[in-house]
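What the coordinates show
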Amino acid sequence: MQQVEMDFKIMLDPENVDNKAGLEHPNDETRLPLIAKKKSAPVCSQKTGKGPTATSPWALPAFHSLGSPLPLAEEDTPKGGQRFILPAAQRALPAPPAVPRAAPFPEFPRQHKKSAVGEISSRMDPENTDTTTFPKPKEASYGTYSSSKGSIAPLPASNSVVSTRKSKAEWRYPAQQLESEVHIPPQTQPPQTAQPCQDPCLDCDNAVHQKAPGVLALQHPHHSPWGTIVGFLEPTENLLKDHSAPLATTNSQKLAPMAKEHPTKSGILSVMKSHSAVAKIPNGAGREGSAGAAAGIQSTVPGWGWQQQRAAGVISAAWRSWSHLARLRSALGAARRSHLENFHSRAEHLAANWNRIRTSRRTIIHIPSLGYSQHIREHIPDLALQQNLQMGRLCDILDANVDVIYICPLALSEELLQYYNKLLGLQAAVRSGNPEDMTDLQDRFKILTPEAINSFPEHHLCLATVLKYSPRTLQRLQALLQGRDAYVVGGVPHLDDLAVADQLQVPLLGSEPAVAQLYSTKSGSKRIFASAGVPTPPGEQDIHSREQLLRALSQLILDNLEVQRWLFKVDDERGGDGTAFCDVVSHLECHPWIQRARQGHGPEGWSESQARELALVKISQELPGLLAQHVQPVNEKRFPTWEKFLQTFLTQGGVIEAFPASGSVTNVTVDLLIEPTGEVTLLSSGDQLHAEGPLRSSGTTIPQRSVDPEVLKALSLKIGEACKSKGVLGYFSVDFVAFTHPQTGEQQVWATDLDLCYSDQLALSQLLVYLTDGNLDCGSSILQAPLGAKESKSQRVQQHQRTKPPAPSSPWCAVASSQLRHSSLSGISYNLLLHICKARGIGFDLQEKQGTVFVLYEDQKRHSLGMITIGEDLQGVLLTFARNLFIIHQEISAPNMQGETNFKMAIRDIEAILGAAAGNKLRLEEEQPWEADALKE
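Residues numbered from 1 in each chain as written. Predicted model: local features only at pLDDT ≥ 70, side-chain atom pairs only at ≥ 80, totals over all residues. Heavy atoms only, no water.

Quick look at the overall build of the chain now. Counting its secondary structure elements, the chain contains 34 helices and 20 strands. Here the chain holds 937 residues, and the buried ones make up 53% of them. The long-range fraction of contacts in the chain, counting pairs at least 24 apart against all pairs at least 6 apart in sequence, stands at 74%. When the accessible surface of the chain is totalled, it reaches about 42600 Å², and 51% of it is carbon and sulfur. (Helix = DSSP H or I, 4+ residues; strand = E, 2+ residues; numbered from the N terminus. Buried < 20%, exposed > 50% of the residue type's maximum accessible area, 1.4 Å probe, protein only. Contact = heavy atoms within 4.5 Å. Areas by Shrake-Rupley, 256 points an atom, 1.4 Å probe, with all protein chains shown as cover.)

Okay, the sheet that holds strand β1 (residues 362-366) next. Taken together, the four strands give an open sheet; going across it, the order is β3-β2-β1-β4, and neighbouring strands pair in parallel fashion. If you trace the sheet from one side to the other, it starts and ends with β3 (445-448) and β4 (486-489), each paired once. Between one strand and the next, the sheet's axes are offset by a mean angle of 15°, whatever the strand orientation. Where β1 meets strand β2 (residues 402-407), five bridges bridge the pair, whose relative direction is parallel. Bridged to His-366 within β2 is Tyr-406. (Pairing = 2+ DSSP bridges. Axes fitted to C-alpha atoms, helices over the stretch in contact; angles between N-to-C directions.)

Spatial strand order, β5-β9-β6-β7-β8: five strands in an open sheet with antiparallel pairing. Two strands in the sheet have a free side with no partner beyond their single neighbour: β5 (539-543) and β8 (632-633). As paired elements, strand β7 (residues 579-582) and β8 share two bridges and run antiparallel to each other. Residue pairing for β8: Phe-581 is matched across the bridge by Gln-632. The strands that helix α25 (residues 610-630) touches are β6 (566-570), β7 and β8; relative to β7, the one it contacts most, it runs at about 115°.

Our focus in this paragraph is the pattern of salt bridges. A side chain with one charge can pair with a side chain of the opposite charge if their charged atoms come near. Per the counting criterion, the structure on display carries 23 salt bridges. Glu-657 is the partner of Lys-569 in a salt bridge, and the nearest nitrogen-oxygen pair spans 2.9 Å. Of this pair, Lys-569 sits in strand β6 while Glu-657 sits in strand β9 (residues 654-658), and the two are 88 residues apart along the sequence. The two residues Lys-569 and Glu-657 agree in class, both being buried. Glu-721 is paired through a salt bridge with Lys-724; the nearest N and O atoms lie 3.1 Å apart. Here Glu-721 pairs with Lys-724, and both are found in helix α27 (residues 709-725), just three residues apart, close to one helical turn. Glu-721 gets classed as partly exposed once you look at its relative accessible area, which sits at 40%. In this structure Lys-724 comes out as partly exposed when scored by relative accessible area, which is 33%. (Salt bridge = Lys/Arg side-chain N within 4 Å of Asp/Glu carboxyl O.)

Quick look at the side chain of Thr-579 now. Inspection of the secondary structure assignment puts Thr-579 in strand β7. Apart from the residues lying within four places of it in its own chain, the contact partners of Thr-579 are Phe-568, Lys-569, Pro-633, Val-634, Phe-645 and Leu-695.

The next thing to look at is unusual backbone geometry. In this structure, the amide linkage connecting Ile-702 to the following residue, Pro-703, adopts the cis form with an omega of -5°. Structurally, Pro-703 is set in the loop between β12 (699-702) and α27. One non-glycine residue with positive phi stands out, namely Ser-781, at about 55°. Among the secondary structure elements, Ser-781 is positioned in the loop between β15 (775-777) and β16 (782-786). Using a relative accessible area of 6% as the deciding quantity, one classes Ser-781 as buried. Of note in this structure, Arg-862 is not a glycine but carries a positive phi near 55°. Mapping Arg-862 onto the fold places it in the loop between β19 (850-856) and β20 (864-871). Here Arg-862 falls in the buried class, since its relative accessible area comes to 16%.

Right, dumping it as structure tokens:
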């Protein structure tokens, strides 16, 4: 790398003696790369919206290490970039007294940390000297060869070099620097000694430039057959590019008559002034592709000084690195195309055999990977933990024909593995009601942790990618799957899910990643809902500019004056993190005037009145300042201001959406499955809990009780059919908002969000069904479970009244959360926590089939856990859930250090659901009165 730096010093200041001392190998051959096609004049900027700031005009773009084990995925590469243009561009050069020998330059090794130079494009026409242009960082990371917007010149000689110190003072276009620093008028520049490219049609990068002076000069005398000439020039350009022919020039006198004939290779070569040299290039001995063309250019350009030859050496070495990177990218693209083809092929096989597979012995490989794009994964705290919230997937072994392999993103201790072995061993005991009937089901499930979980600590890789780079785990999976029907159930789809499934040679029950990414966005979900014809909130989608946002919001406010709160949702964000809200009407100063004007004109006259247009103008004028002061992002740590949020919103795109104008609002989540045969099935439903605000779900009550089950089923199946028509497959969930209309008093249901992945609620529902040995019927919103050994209270009442005995099953319900956090949990082991809970009456009764079960995620930090409470009565279950949180908080928290937790917010949310009487019911006979009082605070 030191040699590369010295080479650039020589390029920039060839007369410096200290720089010349860097020459070491005087006899090495130098070559130029293939000269790429260039475009229009360059646009130089010192800083872009996304790219880095240029601290020096000679700074080079960063280059990814070729030794990295990671593929160059599109979403993992920087989106911005900057071109660096030499300030001494387009400068006239005096001819050197003699043509010296090629300057020496040692070749680079094939793999190195950083590239010296990226890309050179060249253009040498008589009226324009050249500009050296370096690639954007994005081009560097991909190794692409698209030419920059400029032309290339030999580096300046000593009498025209401007120091780098002077170029830092002001960044100018090359033409401006030429006039201001060299003070040579454009029309009186001294001529160059050598003008190798004098073709009126083709420049020296073998590209046809329709507006070049030479082309216009050729067009004038041949105006009538100009279409045939253009038709001749295009195959000429393609031939020269295919064979890397350098410095091709055409004879315009021969070109016009030849253009009337069908252009052949021999005919094209006959109009070249240097047709013999061009014809030899493809067959040059020992010269292939770009290397041969580069050497050809070097040998045919007279007047090149030793510093230009030195620059050619630098460029040639860098070109080899770019070529290697291009081959790497090409191989990666080919591999991904192969994975996608195999994904579709295996999906067809799975569909053809699904009815047999789902009723026979099979293995399900669960990979709860969050394959969001890189910029989203970077903002997910404890990404590995968030990928391990779905341990309930293990409960698929409830089907006796199913074995489960669960890929865990965290290393679980022996203590935690034993916990799940005992929890899943309750299956037989739950059915019999006898704890002694617990069985060991370790042969039915496996929890595997990829060995690469700690290999990429700063890369925020999803679980599928980590598994892809864990060969020992993949080999073990292949051994476990040998000779068995199996398929993969992933999380948020990612390209590496396809790679893993391809290596295991098993189908993937899920959507193609591109389809999932398209329709999982907020704007994409709106398109699905529109296709399904289901009700949605008033709003606007695909917002990408500030002007579009203000115009759309102004119109929405005017059309929906009863809506108090408007939501702004970033397209790609998750879990409410990319949501902000604003109570616009309460802060809109012109709102009273608009209300009076609308009432004065009446419903019919208002829509066509000029007052309505004036109202729209007033709203548009107020909105910028109103939003800046009153918008509240849900995640204030990430978005402390409206401008911060707006920048992300406009970059990724987003939607504007109305929040229901009602005092009674409930959010409902429905989980569905599109089977490989196309059948749409409802799997689970629940009413959301909102411990951390109305726009962020923290738990659920299962099954939902807020909406008429038939209405919810009909809406869900419509959305499922729309998803199927778009190519969606596998598990997904839909969020609805239900509310009572303030004017009609009728319930309305809007579809609001769509997540094309396996949800946390579905995993908790699987655990609920497993522990109760029951059946969750979403069509009727009933969880039916066999009655326990002991008589229920309702049964005893019925027997006392001598009525008909109850059916062999009874409706149950549960409160579940995977998002409980308490920093003080890290100070106590799980074993001790479970003993404390047992002593305080927190546990699960096998005979009654009700109580509380914990979902434990990891035992390193231990600050998060999941909890599910099961019972016959929703109000009683909510009270038990809140009581459990209160007891745990009291047991693990010191009086002077309460810790960071959402336990208290969850308790307040439950109290709000139950009403004022909930606090009194928490006061149990064996507890002290102060405990209930503390719970109310």
